[in-house]
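# Structure assessment
Chain residues, written in single-letter form:
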Amino acid sequence: MINIWIPIGIAIAIATWSFLIKESPLFRWAERTFISAAIGHTVVVGVYTLRDRYYPITVQGQYLLLIPAALGYLYLFVLWRRGRWVASYPIAITMGVGLATQVRGTIDADFLGQTLGLIREGGRIVGSPPQTAFTNALTIIVTLFSLSYFLFTVRPKGAFGSVYDGMYKLGQYCLLASLGAMAGNYILGTGLAVTMATIIRIIFSLQGYG
Amino acid sequence: MKKEEGASVSIWSKAQSVRAEWLWLVTLVLIIVPLAVPPHVPFTVNQSTLRIYEYVKKLPDGSVIVSGGSGQWAFIYETSAAFMAFLTQIKNKDVKLIIFPLSTDSLMFEPWAVKVTGFDKVKEYGKDWVVLNYVPGGADITLPAFMTNIRGLCRTDVYGRPLDELPIFKTVNSYKDITLWVDCGANSIPSLARYVAPYKVPILGFVHSAYYGMFQPYIAAGQVYEMTNGIRGGGEYEKLVGYTPWNLGTVTMDSYQLYSIYILALVIIANIGTQMLKKEEKKQ
């Protein structure tokens with residue numbers, strides 16, 4: 001029995017790619033089908049989520065949870081111009097909680113964790129295989145140079161000033177190289193991966209895989 | 001002499017006006033041809049993939065693995081090749097798997113991978129593996145809550161069954177009961193390093209190659225145990241476990257290598273071209 005979703009999927013993929021030639025009704029059909037399917041999926045997931053969130057209230061009798069539920073409903077006031085201020089309360093609470101957890105996690109993992117990691121890498125330069133030692137040394141040098149670029153408050157003068165200027169310039173190049181690699185990686189890496197995924201999906205579907 | 005200079009100018013200028021569509025068409029050909037006629041170029045197994053394989057091999061009986069990330073269909077072949085090899089490796093081991101989706105997409109993606117590898121055929125749902133429902137709010141909110149009280153955060157599984165009724169959750173409720181965390185999402189590693197690593201739960205990542213380099217500092221800092229590198233890492237993992245139902249990494253490896261060379265060649269040509277044009281502009 002033919003799985004009807006396979007030809008539909010292939011047709012949508014080809015219709016999307018038709019944009020490479022020019023915008024056409026075929027592309028617009030694929031675009032709108034995708035958007036409506038995505039919205040439909042989000043709505044279904046939302047309904048399932050609501051069901052789960054209400055479970056402790058309706059089945060387990062945890063009525064205290066009615067407070068966050070009511071706060072959630074206050075969000076809907078955003079649709080009413082005169083009552084929009086009411087929605088600012090749940091938004092403020094959500095943002096506060098979100099920022100608090102995020103700041104804690106970021107300081108711990110990104111700031112302290114990465115600094116400790118760098119120190120550890122420094123400790124591994126001596127006695128490591130040449131490749132590891134070189135990579136670790138390069139990481140430390142590049143980090144220090146890049147950080148020197150962000151030194152705004154105090155600018156060293158005199159003999160150390162010229163050394164600092166050199167570090168500043170190299171830091172600028174390191175940052176540019178890193179940004180270039182990141183952009184290239186992201187655009188080419190993700191773009192090609194998605195292209196390849198679509199082609200293989202079509203080929204696999206034609207071969208009968210689900 | 002003047003004629004020759006004029007000819008070289010026109011080559012680099014012409015190269016600039018090549019339409020991007022033609023370059024993409026060549027990419028398509030380079031992807032499709034090796035898939036149709038695979039040359040099976042040999043490849044070696046990277047130390048990172050080997051470390052993951054060895055780590056999973058040594059997992060003790062009764063281990064509880066959480067697959068928590070934002071697996072996406074768009075990056076299916078970058079991340080799922082290694083994830084499916086991982087599922088193939090653990091499916092005959094005495095381990096339990098909890099799927100905790102961090103995006104609405106992974107709600108479908110991870111169960112799909114479980115189905116394709118036949119993990120669901122050898123393991124019993126509810127006892128050996130389970131799919132939790134997606135919890136909105138983002139990883140920054142849900143992960144800290146998940147680590148301290150799973151039943152408090154996720155009241156039911158994806159099918160609406162209360163967690164109290166599922167045998168797997170009789171012994172599992174917080175980070176203390178989790179042996180390993182795996183991520184088949186393209187970019188969930190920073191969130192995991194922030195909210196899972198502090199609880200000393202080892203993390204393995206099956207990450208997209210575009211992020212593999214970016215996430216290396218997390219390994220250096222000891223926040224993530226190891227990661228596989230996109231399709232290539234997937235192919236390597238498949239080589240180690242023998243065979244996975246789709247062998248995604250292996251079948252796509254030739255295309256991957258070929259178009260990588262093509263992109264590298266384009267980057268080199270574009271850089272030379274820019275320098276040549278600058279030179280010519282100066283001369284004029």
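Because the structure is predicted, anything quoted here is derived from the model rather than measured.

## Description of the overall build of chain B
On a plain count of helices and strands, chain B comes out with 13 helices and 6 strands. Once the C-alpha set of chain B is aligned to its principal axes, its extents read approximately 85 × 40 × 35 Å. Counting over 284 residues, chain B shows a buried share of 54%. Within chain B, contacts between residues at least 6 apart in sequence are counted, and of these 74% link residues at least 24 apart. As displayed, chain B offers around 12400 Å² of accessible surface, 60% of which is attributable to carbon and sulfur atoms. The averaged location of the 24 negative side-chain charges in chain B is 4 Å from the averaged location of its 27 positive side-chain charges.

## Topic: the confidence of the model for chain A
Caution is warranted with low-pLDDT regions, since their predicted coordinates should not be read in detail. Looking at chain A, the pLDDT average stands at 84 and 96% of residues meet or exceed 70. Confidence scores differ between elements of chain A, with helix α6 (residues 158–206) of chain A showing the lowest mean pLDDT of 81 and helix α3 (residues 66–74) of chain A the highest of 89.

## Quick notes on the sheet that holds strand β2 (residues 95–99) of chain B
Residue and element names in this part refer to chain B. Pairing is parallel in the open sheet, where 6 strands are placed in the order β3-β2-β1-β4-β5-β6. Whereas interior strands pair on both sides, the edge strands pair on one side only; in this sheet they are β3 (129–131) and β6 (226–229). With strand direction ignored, the average angle separating the axes of adjacent strands in the sheet is 15°. Contacts from helix α12 (residues 230–241) reach β5 (203–207) and β6 within the one sheet, and its direction differs from that of β6 by about 105°.

## Quick notes on the nonpolar core
Residue and element names in this part refer to chain B. Counting residues in hydrophobic clusters, the biggest one holds 53 residues, and the most contacted among them are I65, F86, L87, F206 and Y237. Considering each element in turn, this core owes the most residues, 10 residues, to helix α4 (residues 76–90). Apart from the residues within four sequence positions on either side, I65 is in contact with L59, F86, I90, V95, K96, L97, I98, L180 and V182. In terms of nonpolar packing, the next biggest core, distinct from the first, is built from 40 residues, V135, I150, V172 and V201 among them.

## A word on the environment of P136 of chain B
Inspection of the secondary structure puts P136 of chain B in the loop between β3 and α7 (139–148). On the basis of relative accessibility, which here comes to 41%, the residue P136 of chain B falls in the partly exposed class. Remark: the alpha-carbon pair of P136 of chain B and L102 of chain B, spanning 34 residues in sequence, is separated by 8.3 Å. When neighbours within four sequence positions are excluded, P136 of chain B is seen to be in contact with T49 of chain A together with T142 of chain B.

Conventions and cut-offs
- Residues numbered from 1 in each chain as written.
- Chains lettered and ligands numbered in written order.
- Predicted model: local features only at pLDDT ≥ 70, side-chain atom pairs only at ≥ 80, totals over all residues.
- Heavy atoms only, no water.
- Helix = DSSP H or I, 4+ residues; strand = E, 2+ residues; numbered from the N terminus.
- Buried < 20%, exposed > 50% of the residue type's maximum accessible area, 1.4 Å probe, protein only.
- Contact = heavy atoms within 4.5 Å.
- Areas by Shrake-Rupley, 256 points an atom, 1.4 Å probe, with all protein chains shown as cover.
- Lys, Arg positive; Asp, Glu negative; His and termini not counted.
- Charge placed at Lys NZ, Arg CZ, Asp CG, Glu CD.
- pLDDT = per-residue confidence, 0-100.
- Pairing = 2+ DSSP bridges.
- Axes fitted to C-alpha atoms, helices over the stretch in contact; angles between N-to-C directions.
- Core = buried A, V, L, I, M, F, W, Y, C linked by side-chain atoms within 4.5 Å.

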